[in-house]
Amino acid sequence: MKFLLGLQRTYNSELTKESSVYPRICGKGNYHYQIIEINVEQNGSYTFDSNNTIELYGYIYNNDFDPSYPNKNLITQSSFSCGRYYFQLGSYFEINKIYILVVTTFEPNIRGSFTLFIIGPNNMTLNRISK
């Protein structure tokens, strides 16, 4: 496991039965998701991680997220290999650019509360977007 230096912040929310659903990339079934706009105060590498009772999956997009075209504008996503998944994902973010974090679940039809841990060189603002 890699340890990163910098500020650590948290983001708390939940996926409910009222949350939007989509088939996800290569997914079968309905995956509840939440769209979060990211605004950084300083250029740098930021990492998102999670340690929840529900297994989360994440995607980072440039500018916009369209659930009908989940590959469009995709920068990075959580990793899955050899039967294990890791929510951890990160990227280099620049000020004055729009980034979108999509939080969903690893398995379809799962709901529940979650906490994200954000590590990076400075604060960032996370704004939930309703669609």
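Just so it is clear, the structure is predicted and the values come from calculations on it, not from any experiment. (Residues numbered from 1 in each chain as written. Predicted model: local features only at pLDDT ≥ 70, side-chain atom pairs only at ≥ 80, totals over all residues. Heavy atoms only, no water.)

(A) Just the overall build of the chain, in detail. Within the chain one finds 0 helices and 12 strands. Burial status across the chain gives 39% buried among its 131 residues. With the model as given, the accessible surface of the chain reaches about 7600 Å², and the carbon-plus-sulfur share is 46%. (Helix = DSSP H or I, 4+ residues; strand = E, 2+ residues; numbered from the N terminus. Buried < 20%, exposed > 50% of the residue type's maximum accessible area, 1.4 Å probe, protein only. Areas by Shrake-Rupley, 256 points an atom, 1.4 Å probe, with all protein chains shown as cover.)

(B) Representation of the packing of aromatic side chains in the model. Under the defined criterion, the tally for this structure stands at 11 aromatic pairs. Summarising the aromatic geometry, the rings of Phe48 and Phe93 are spaced 6.3 Å apart at their centres and angled 75 degrees between planes, so their arrangement reads as edge-to-face. Here the residue Phe48 occupies a position in strand E4 (residues 44-50), and Phe93 occupies one in strand E9 (residues 89-93), the gap between them amounting to 45 residues. The residues Phe48 and Phe93 share a single accessibility class, namely buried. Clustering of aromatic rings is evident, with ring pairs tying together Tyr22, Tyr33, Tyr57, Tyr59, Tyr61, Phe65 and Phe106. If you follow Arg24 out to its NZ or CZ, it ends over the ring of Tyr57, 4.5 Å from the centre. (Phe/Tyr/Trp six-rings, centres within 6.5 Å; stacked < 30°, edge-to-face > 60°. Lys NZ or Arg CZ within 6 Å of the ring centre and 35° of its normal.)

(C) Structural context of unusual backbone geometry. At Asn63, a position not held by glycine, the phi torsion is positive, near 75 degrees. With respect to the secondary-structure elements, Asn63 resides in the loop between strand E5 (56-62) and strand E6 (74-77). Residue Asn73 is not a glycine yet carries a positive backbone phi of 70 degrees. With respect to the element layout, Asn73 can be found in the loop between E5 and E6. The exposure class assigned to Asn73 is partly exposed, which follows from its relative accessible area of 31%.

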